[in-house]
Amino acid sequence: MKRARIDVDGEIHAGEYRDGVVETDEDAFVVGEDGDLVAPCKPSALYCTGRNFAATLDQMEYDVPDQPAFFIKPPASVVAHEEPIPYPTFSEEVTYAGELCAVVDERCHRLDAEEVPEVIRGYTIMNDVDALDQPGRTARKAFDGSGPLGPWIETDLDPHGIDMHTEINGERRQEANTELMLFDPYEIVSFLSERFTFRPGDVIAFGSPANPGVIEPGDTVEITYEGVGTLRNDVAPPEE
């Protein structure tokens, strides 16, 4: 099942997404006519895994980590499916990375890997927008619009063995499978849960294959994960 959230005249409705319609217990809303999709959850934080594909390590000349490397994006980083990504005014080298994400369904802490499926609401997609020319990981990755998220949450998904690809203006730039991850998704959630108490709606991103280039204002980024869908965003010019 696909669970989505839609903004209708300033009010957020959540329900099942089917064929362009969000169906709640009481009503049905046509996306694009009655309202627009918003981010499929409201995370208190986005916990992001880096260096989780061998191709990325080779490209960036990183050492192989002995445990998941992670960083955190704030809620202000989230933009919805089809919402423009604001190109940061402080950077001239902005990259993208298509990532599969788990969405937490209940407050939890210190999970074993085998317990992880019990606390996950489902899976969605994130674009890890990175101001690559900035000093330090937080400066590069944690800013307004750096975490496009959506378009919905797929509740019936095994995150293993999923094909993905990213297209920029219709040109395929990334292509991989989640089997190529260095750390298993359940292992990552377990590892992070020892350090953080997760809350409903929190997002855990599992990393991206090699990053093949930059994005510029006017570009369209489309990230597809098999069984989930496609997250699509245009890149807007820097705000003056």
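Enquirer: Where do I start with helix α4 (residues 185-193) in this structure?
Expert: Two residues of an α-helix separated by three or four positions point the same way, owing to the 3.6 residues in each turn. α4 sits mainly inside the fold: eight of its nine residues count as buried. Considered for burial, the residues of α4 that qualify are Pro185, Tyr186, Ile188, Val189, Ser190, Phe191, Leu192 and Ser193. If you follow the buried residues of α4, they end up packed against β6 (46-50), β7 (69-73), α2 (116-119), β12 (120-127) and β17 (203-205). Where α4 begins, the side chain of aspartate 184 points an oxygen toward the backbone nitrogen of tyrosine 186, at a separation of 2.8 Å.

Enquirer: Any chance you could explain the sheet that holds strand β9 (residues 85-86) here in plain terms?
Expert: Strand pairing in a sheet relies on backbone hydrogen bonds, with the paired strands running either antiparallel or parallel. The five strands lie next to each other as β9-β19-β18-β15-β16, forming an open sheet whose pairing is mixed. In this open sheet, the two edge strands, each paired with only one partner strand, are β9 and β16 (171-177). Of the strand pairs in this sheet, β9 and strand β19 (residues 229-236) are connected by two bridges, and their pairing is parallel. When the sheet's bridge partners are listed, isoleucine 85 is paired in β19 with valine 235.

Enquirer: Would you mind going over the packing of aromatic side chains with me for this structure?
Expert: Each aromatic ring pair is described using two quantities: the centre-to-centre distance and the angle formed by the ring planes. Within the structure shown, the criterion is met by six aromatic pairs. Plain terms: the ring middles of phenylalanine 70 and phenylalanine 196 are 5.7 Å apart, the flat faces sit at 90° to each other, and that makes the pair edge-to-face. Here phenylalanine 70, found in strand β7, pairs with phenylalanine 196, found in the loop between α4 and β17; they are 126 residues apart in sequence, far enough to count as distant. Feature note: the residues Tyr47, Phe70, Phe191, Phe196 and Phe198 constitute an aromatic cluster, connected by ring pairs. Sitting over the face of the ring of phenylalanine 191, arginine 195 holds its NZ or CZ atom 3.7 Å from the ring centroid.

The rules behind the values
Just so you know, the residues in each chain are numbered from 1, in the order the chain's sequence is written. With the structure being a predicted model, the display of local features is reserved for residues of pLDDT at least 70 and the display and counting of side-chain atom pairs for 80 or more, all residues being used for whole-chain, interface and lining totals. As a rule here, side-chain values come from all non-hydrogen atoms in the structure, and water together with hydrogens is ignored. For the exposure calls, accessible area comes from a 1.4 Å probe over protein chains only, and a residue counts as buried if that area is under 20% of its type's maximum, exposed if over 50%, partly exposed in between. Going along the chain from the N terminus, every DSSP run of H or I of four or more residues is numbered as a helix, and every run of E of two or more is numbered as a strand. Note on contacts: a residue pair qualifies if any of its non-hydrogen atoms lie within 4.5 Å across the two residues. Counted as a polar contact is a pair of N or O atoms within 3.5 Å, where, for protein atoms, one must be capable of donating a hydrogen and the other of accepting one, and residues adjacent in sequence contribute only when both atoms are in side chains. In this description, strands pair whenever DSSP reports at least two bridges between them. In this scheme Phe, Tyr and Trp rings, the latter by its six-membered ring, pair at centre separations within 6.5 Å, and the angle between planes marks the pair as stacked below 30 degrees, edge-to-face above 60, and tilted otherwise. Both a distance and an angle decide whether a charge sits over a ring: NZ of Lys or CZ of Arg must be within 6 Å of the ring centre and within 35 degrees of the ring normal.

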